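Observations on the three-dimensional arrangement
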Amino acid sequence: KEVMVDIDIKAKPLQPHWYERYVQPCVAELLGSALFIFIGCLSVVEDTEGTGRLQPALAHGLALGLTIAILGDI
């Protein structure tokens, strides 16, 4: 008699590499903050009288959305 037993063998999840655990989040934070600040400052440098508060607000919003889209999974 053959007995077939369905055994699920689950391997232990591997620890993430030290780069993915420590360096990658720091680089993502640095890049995201630099992009946000850089685009925000550039939106105010060439500020014309007609745009008022709209141009910096849109630039900051688009920079934040872009940063989240690119670096959000990290």
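Residues numbered from 1 in each chain as written. Predicted model: local features only at pLDDT ≥ 70, side-chain atom pairs only at ≥ 80, totals over all residues. Heavy atoms only, no water.

An unreviewed UniProt entry lists the protein under the name AQP8 protein, with Rynchops niger given as the organism.

1. A few points about the overall build of the protein
The helix and strand inventory of the protein stands at two helices and zero strands. The buried share of the protein, taken over its 74 residues, is 12%. Element-wise, carbon and sulfur atoms account for 66% of the exposed surface of the protein, whose accessible area totals about 6,800 Å². (Helix = DSSP H or I, 4+ residues; strand = E, 2+ residues; numbered from the N terminus. Buried < 20%, exposed > 50% of the residue type's maximum accessible area, 1.4 Å probe, protein only. Areas by Shrake-Rupley, 256 points an atom, 1.4 Å probe, with all protein chains shown as cover.)

2. So, the packing of helix α1 (residues 18–45) against helix α2 (residues 54–71)
Running from N to C, α1 and α2 cross one another at 160 degrees; their axes reach a closest spacing of 9 Å. By the angle between their directions, the pair α1 and α2 is classed as roughly antiparallel. The interaxial crossing formed by α1 with α2 has right-handed handedness. Residues Ala-28, Leu-31, Gly-32, Leu-35, Phe-36, Ile-39, Gly-40, Ser-43 and Val-44 of α1 pack against Gln-55, Pro-56, Ala-59, His-60, Ala-63, Leu-64, Leu-66, Thr-67 and Leu-71 of α2. (Axes fitted to C-alpha atoms, helices over the stretch in contact; angles between N-to-C directions. Parallel < 35°, antiparallel > 145°, perpendicular 65-115°, else oblique. Left-handed = near helix turned anticlockwise from the far one by under 90°. Contact = heavy atoms within 4.5 Å.)

3. Concerning α2
If you check α2, its first and last C-alpha atoms are 25 Å apart, about what 18 residues at 1.5 Å a residue would give, namely 26 Å. Those residues of α2 not exposed but buried are Pro-56, Ala-59, Ala-63, Thr-67 and Leu-71. Considered in projection along α2, the buried side chains sweep an arc of 65 degrees and stay on one side of the axis. When the buried face of α2 is taken as reference, the exposed residues oriented beyond 90 degrees from it are Leu-54, Leu-62, Ile-68 and Ala-69. Of the surrounding secondary structure, the elements contacted by the buried residues of α2 are α1. (Expected span 1.5 Å × (residues − 1). Arc of directions from axis to C-beta.)

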